[in-house]
Amino acid sequence: MDIVTRMLLLIIFLVAGTLCGMMFNIALGRKPFERGGIMGGIIVGVAMFAI
Amino acid sequence: MSGEVKDMGLLKRLVLSPWRTDEKARMDRGRLTLLLFMAVLVVIIIFSSYIRVPIQTVLIILAVVIMVIGRAKVQDLMAGLILHPIMAMTAGFLIAGALGLAGGFDVLIKGLAWLAEVEIVPGLPLLGWVGVAVILANIPTIMPMPCGRILAAALMLGVFLFAAALAAAYGLDMESNEASVMISALVAGFIVNAAASCGPSTLGGIGGIGEGNLGLPIGRSARAQSAGILIATGICTLVIALVVQPVGG
């Protein structure tokens, strides 16, 4: 896999993770852009990309 | 030998089939095991009011007897796909039971609570409870097993306990509708994630089956599926929280 594809894939995972985190924030009664959910989503996205 | 077999009666042929080595012995062993299996099932159904032995015990004993007659080894059974889903779920439940008895879930909740309170600078937590909930709900797809039931069965109780701790951390009464919705949403998100997690697994599972049928290399669609599952987990949690009301709510 070339570097551009890898970067695109990473961006996709980061966006997906951020969306997931935002939805968790709302579902669990927090504000949509609160740090906890977004950070959790980004960590999950990076983990799925790396593994 | 084949002449002796021809002279035997059918019943004697079947009964002696486990010890025979002629070319027809395999077929006779098959007939004997099938007859035994059907007979046991019929007996269980007819005498279900009188037989108090659990069906699982009977089936396990029957499986061992059939294995002995059919000269099958455990590896022969485990190598096939036939036993895979039920074995996966059984393994998950056994792990969950072992973890529960050994206090593993208490340690898990304490560890997650500690992680939720890790601070970047004093007063500013890195993940908080919601961040840890996001990670916990996505663990099955981060570590995809060949069957989603393995982690689903093993960790379900842990997720439920964490969701209850999450509600308590936010000062919600366990009897309140808000706490019920919060617990339902997190557990449902975890279920969706676990159920879909055998898709991206390169160890086998539904994703591997699909790729095999399409002639694709194993793991070609794994990352695409992972990204989709990640979003779907969030959507499920949100829908449950916004739309579904707790029982009696």
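Residues numbered from 1 in each chain as written. Chains lettered and ligands numbered in written order. Predicted model: local features only at pLDDT ≥ 70, side-chain atom pairs only at ≥ 80, totals over all residues.

Trainee: Is there a simple way to think about the overall build of chain A in this case?
Mentor: Each helix and strand in chain A was counted, giving two helices and zero strands. Principal-axis analysis of the C-alpha atoms places the extent of chain A at approximately 40 × 15 × 15 Å. (Helix = DSSP H or I, 4+ residues; strand = E, 2+ residues; numbered from the N terminus.)

Trainee: Where do I start with the overall build of chain B in this structure?
Mentor: Scanning chain B for helices and strands turns up twelve helices and two strands. Ordered by position from the N terminus, the helices and strands of chain B form the series α-α-α-α-α-α-α-β-β-α-α-α-α-α. Classification of the 249 residues of chain B by burial places 29% in the buried group. Long-range contacts, defined as pairs at least 24 residues apart, comprise 61% of the intrachain contacts of chain B with a sequence gap of at least 6. (Buried ≥ 20, exposed ≤ 12 C-beta atoms within 10 Å, placed from the backbone. Contact = placed C-beta atoms within 7 Å.)

Trainee: Please explain the interface of chain A and chain B as it appears in this structure.
Mentor: Note on interface size: it is often stated as the accessible area lost on association of the parts. Taken together, the contact between chain A and chain B spans 28 residues of the former and 28 residues of the latter. A class-by-class count of the residues in the side of chain A that touches chain B yields 17 nonpolar, nine polar and two charged. (Nonpolar A, V, L, I, M, F, W, Y, C, P; charged D, E, K, R; others polar.)

Trainee: Whenever I open this one, the nonpolar core confuses me. Can you help?
Mentor: A:Phe24, B:Ala133, B:Ala163, B:Leu166, B:Met182, B:Ala185 and B:Leu186 are the most contacted members of the largest nonpolar core, which has 56 residues in total. For this core, the secondary-structure elements that each account for two or more residues are helix H1 (3-27) and helix H2 (35-50) of chain A together with helix H7 (104-116), helix H8 (128-142), helix H9 (148-169), helix H10 (177-196) and helix H12 (222-242) of chain B. In terms of residue count, H9(B) provides more of this core than any other element does, eleven residues in total. Filtering out sequence-adjacent residues up to four positions away, B:Ala185 remains in contact with A:Ala27, A:Leu28, B:Thr237, B:Ile240 and B:Ala241. (Core = buried A, V, L, I, M, F, W, Y, C linked by C-beta atoms within 7 Å.)

Trainee: Looking at this model, I keep getting lost on the environment of B:Ala241. Mind explaining?
Mentor: By the secondary structure assignment, B:Ala241 is in helix H12. Between the C-alpha atom of B:Ala241 and that of B:Ala165, which follows or precedes it by 76 residues, the distance is 17 Å. Residue contacts for B:Ala241: discarding those within four places in its chain leaves A:Ala27, B:Val181 and B:Ala185.

Trainee: Help me understand H2(A) in this model?
Mentor: The end-to-end C-alpha distance of H2(A) is 22 Å, a good match for the 22 Å that 16 residues give at a rise of 1.5 Å each. Residues A:Gly36, A:Gly37, A:Ile38, A:Met39, A:Gly40, A:Gly41, A:Ile42, A:Ile43, A:Val44, A:Gly45 and A:Met48 constitute the buried set of H2(A). Residues of H2(A) that are buried sit in contact with H1 of chain A together with strand S2 (124-125), H8 and H12 of chain B. (Expected span 1.5 Å × (residues − 1).)

Trainee: When you look at the packing of H1(A) against H2(A) in this model, what are you seeing that I'm missing?
Mentor: How two helices sit against one another is set out by the angle between their axes and by the gap between those axes. All names here are of chain A. Where H1 meets H2, the axes come as close as 7 Å, and the angle between the chain directions of the two elements is 145°. Relative to H2, H1 is oriented so that their crossing is right-handed. Where H1 approaches H2, its residues Leu 9, Leu 10, Phe 13, Leu 14, Ala 16, Gly 17, Thr 18, Cys 20, Gly 21, Met 22, Phe 24 and Asn 25 are matched on the opposing element by Gly 37, Ile 38, Gly 40, Gly 41, Ile 42, Val 44, Gly 45, Val 46, Met 48 and Phe 49. Looking at the contact of H1 with H2, its residues break down into 14 nonpolar, eight polar and no charged. (Axes fitted to C-alpha atoms, helices over the stretch in contact; angles between N-to-C directions. Left-handed = near helix turned anticlockwise from the far one by under 90°.)

Trainee: When you look at the packing of H2(A) against H8(B) in this model, what are you seeing that I'm missing?
Mentor: Two elements in contact, H2(A) and H8(B), have axes separated by 7 Å at closest approach and are oriented at 25°. Considering their axes alone, H2(A) and H8(B) lie roughly parallel with respect to each other. Between H2(A) and H8(B) lies a crossing whose hand is right-handed. Contact residues: A:Gly36, A:Gly37, A:Met39, A:Gly40, A:Gly41, A:Ile43, A:Val44, A:Ala47 and A:Met48 in H2(A); B:Gly128, B:Trp129, B:Val130, B:Gly131, B:Val132, B:Val134, B:Ile135, B:Asn138, B:Thr141 and B:Ile142 in H8(B). The residue makeup of the contact of H2(A) with H8(B), split by class, is eleven nonpolar, eight polar and no charged. (Parallel < 35°, antiparallel > 145°, perpendicular 65-115°, else oblique.)

Trainee: Any chance you could explain the confidence of the model for chain B here in plain terms?
Mentor: Any segment with low pLDDT has predicted coordinates that should not be analysed in fine detail. Scored by pLDDT, chain B has a mean of 81; 90% of the residues are at 70 or more. Per the prediction output, this complex has pTM 0.71; the corresponding ipTM is 0.95. (pLDDT = per-residue confidence, 0-100.)

Trainee: Could you clarify how one ought to interpret the environment of B:Phe162 in this entry?
Mentor: Residues and elements named next belong to chain B. Mapped onto the elements of the fold, Phe 162 is located in helix H9. C-alpha of Phe 162 to C-alpha of Leu 99: the two residues are 63 residues apart in sequence and 15 Å apart in space. Leave out the neighbours within four places in its chain, and Phe 162 touches Ile 109, Leu 112 and Leu 136.

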